Amino acid sequence: MTYEAFNENTEDLNNTEKLKSIFVENGYLYFKNLINKREIEGVKRDINQVLKENRHIDGDINEDPKWSKNKKESGLQHQAGSEENYKIANLKSVKEILYTEEIIEVLERLAGGEIISWADNCDRVRIMLPGESVVKVAGQYASTVTPMHQDHFYLRLPGGKKATFYNVWVPLMDINEEVGGIALTKNTHNKGFYKSLFHNGRHLGIPPNQKIFNEWLDSGAAVIDGDIEHDGDFRWLRSDYHIGDLLIFSPMMIHKGLLNTSDKIRLSLDVRYQKKNTQFMWRAEHRLEHSFKFFAKVRQNLKDLQISGSEADRIMFGPNGICIEGPNTEDIKDRIKKIVKTQNN
């Protein structure tokens, strides 16, 4: 696959109006060598120490983490719940980097006011082993290589309204094409809400072309939400990332994780920020483990009611889905029954 390099915006850092204009037009901002490298190196070193203690890496903790090929069933790659994830999320250096001056200043320029860090940001250190597998997380299945998607799908407001948060991605090591990283699709941020598919509890995401879309449907997958079909002309953006780089992009922009084909564990931050006093999606106010436990509880209730397949996926993540609206005082089974009744009318 061919990738275009990101346009760099470092020279416009102090031009607030130009940054806002570029973000609206391109859907992203990319800054090279912006964040203090010593701070990032400190975060990497502390994470590596945890990984080494649990025998996931070999070598010096000051170097990029070389995988030991230890596939201990720890949930390492999937955030929240494992011993390693808990230790990493509570590292002082991780919590401090979330509020580093360089990140906050750019976001406050964009937002035009005070920025709030989402409560689960410390849980969103991405630790990606080489290769790909499918695992069960929070009662549903997921690939360890994140498929094409818009964050709007999972993090939209009830009623389908757009949440006004900013996606922030920070490499915690040098990441070339072999190590992978993140890729964005050019100009998809202003097209709308793309159709997103599930298959028996697994989020397949947005299909890359019409052929794959039809194949997924033929296999039993279903569109869970979204109204725009791809035009078959996605143009992908990525760069070789280095310590100190900062990528900010719209929740409406299609993006994906890239396969790690190296012998290293890939480390990055995948976090969200939002302007104070705007409407927050419920997950913004809770740690990731809280959200995952709620997802798993909804899945279990669906299973108890013998609801599965695309019907279960729509009840969770479709229009007015329970996992979009979030926890409330009403019994989950009662909420499920109401949705089923509405769908059948």
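Here the structure is a predicted model, which is why all the values come from computation and not from measurement.

Caption draft 1: Spatial organisation of the sheet that holds strand S1 (residues 3-4). Taken in spatial order, the four strands of this open sheet run S1-S14-S10-S16, and their pairing is mixed. Where the open sheet ends on each side, the last strands, each with one partner, are S1 and strand S16 (255-258). In terms of strand pairing, strand S10 (residues 181-185) meets strand S14 (residues 236-237) through two bridges, oriented antiparallel. The residue of S14 that forms the bridge with leucine 184 is leucine 237.

Caption draft 2: View of the pattern of salt bridges. A complete count under the given rule lists 25 salt bridges for this structure. Of the charged contacts, one joins glutamate 41 and lysine 44 as a salt bridge, the two residues approaching to 3.4 Å between their closest N and O atoms. Of this pair, glutamate 41 and lysine 44 both sit in helix H2 (residues 37-53), three residues apart, which is roughly one turn of that helix. Residue classification places glutamate 41 among the partly exposed residues on the basis of a relative accessible area of 29%. Under the relative-accessibility criterion, lysine 44 is labelled buried at 4%. Between aspartate 151 and arginine 272 there is a salt bridge, with the nearest N and O atoms lying 2.7 Å from each other. Within this pair, whereas aspartate 151 is found in helix H6 (residues 151-155), its partner arginine 272 is found in strand S17 (residues 266-275), the two being separated by 121 residues in sequence. Of the two residues, aspartate 151 and arginine 272, neither departs from the other in class, the shared state being buried. Salt bridges linked by common partners bring Glu41, Lys44, Asp64 and Lys264 together as one network.

Caption draft 3: Quick peek at the environment of glutamate 177. Residue position: glutamate 177 is located in the loop between strand S9 (165-171) and S10. Separated by 84 residues in the primary sequence, glutamate 177 and serine 93 have C-alpha atoms spaced 27 Å apart. Discounting residues that sit within four places of it in the chain, glutamate 177 has contacts with Met1, Tyr3, Arg238 and Asp240.

Caption draft 4: The arrangement of the packing of aromatic side chains in detail. In total, this model carries 18 aromatic pairs according to the counting rule given. Between phenylalanine 153 and tyrosine 154, the ring centres sit 5.1 Å apart and the planes meet at 85°, which makes this aromatic pair edge-to-face. Per residue, the accessibility class of phenylalanine 153 equals that of tyrosine 154, and both read buried. Ring-pair connections join several aromatic residues into one group, and the members of that group are Phe153, Tyr154, Phe193, Phe198, Trp282, Phe292, Phe294, Phe295 and Phe317. Above the ring of tryptophan 236, the side-chain terminus of lysine 256 is found at 4.3 Å from the ring centroid.

Caption draft 5: Layout of the side chain of aspartate 245. Relative to the helices and strands, aspartate 245 resides in the loop between S14 and strand S15 (246-249). Residue classification places aspartate 245 among the buried positions, given a relative accessible area of 1%. Within the structure, aspartate 245 has its side chain in polar contact with the side chain of tyrosine 30 (distance 2.9 Å). Within the structure, the side chain of aspartate 245 is placed 3.0 Å from the backbone nitrogen of asparagine 33, a separation counted as a polar contact.

Caption draft 6: Representation of the packing of helix H9 (residues 309-317) against helix H11 (residues 332-344) in the model. At a closest axis distance of 11 Å, the pairing of H9 and H11 adopts a crossing angle of 110°. Put simply, H9 runs roughly perpendicular to H11. The handedness of the crossing between H9 and H11 is right-handed. Here H9 contributes Glu311, Arg314 and Ile315 to the contact with H11, which in turn contributes Ile336, Ile339, Val340 and Gln343.

Caption draft 7: Up close: the environment of tyrosine 28. Tracing the backbone shows tyrosine 28 in strand S2 (residues 28-31). Here tyrosine 28 falls in the buried class, since its relative accessible area comes to 4%. Measuring from C-alpha to C-alpha, the distance between tyrosine 28 and lysine 186 comes to 9.4 Å, with 158 residues separating the pair along the chain. When neighbours within four sequence positions are excluded, tyrosine 28 is seen to be in contact with Phe6, Asn7, Asn9, Ile22, Phe23, Leu184, Leu237, Leu247, Ile248, Phe249 and Met253. Here the side chain of tyrosine 28 touches asparagine 7 through a polar contact of 2.9 Å, landing on its backbone nitrogen.

Criteria and cut-off values
Residues numbered from 1 in each chain as written. Predicted model: local features only at pLDDT ≥ 70, side-chain atom pairs only at ≥ 80, totals over all residues. Heavy atoms only, no water. Pairing = 2+ DSSP bridges. Helix = DSSP H or I, 4+ residues; strand = E, 2+ residues; numbered from the N terminus. Salt bridge = Lys/Arg side-chain N within 4 Å of Asp/Glu carboxyl O. Buried < 20%, exposed > 50% of the residue type's maximum accessible area, 1.4 Å probe, protein only. Contact = heavy atoms within 4.5 Å. Phe/Tyr/Trp six-rings, centres within 6.5 Å; stacked < 30°, edge-to-face > 60°. Lys NZ or Arg CZ within 6 Å of the ring centre and 35° of its normal. Polar contact = N/O pair within 3.5 Å; in protein donor to acceptor, adjacent residues only side chain to side chain. Axes fitted to C-alpha atoms, helices over the stretch in contact; angles between N-to-C directions. Parallel < 35°, antiparallel > 145°, perpendicular 65-115°, else oblique. Left-handed = near helix turned anticlockwise from the far one by under 90°.

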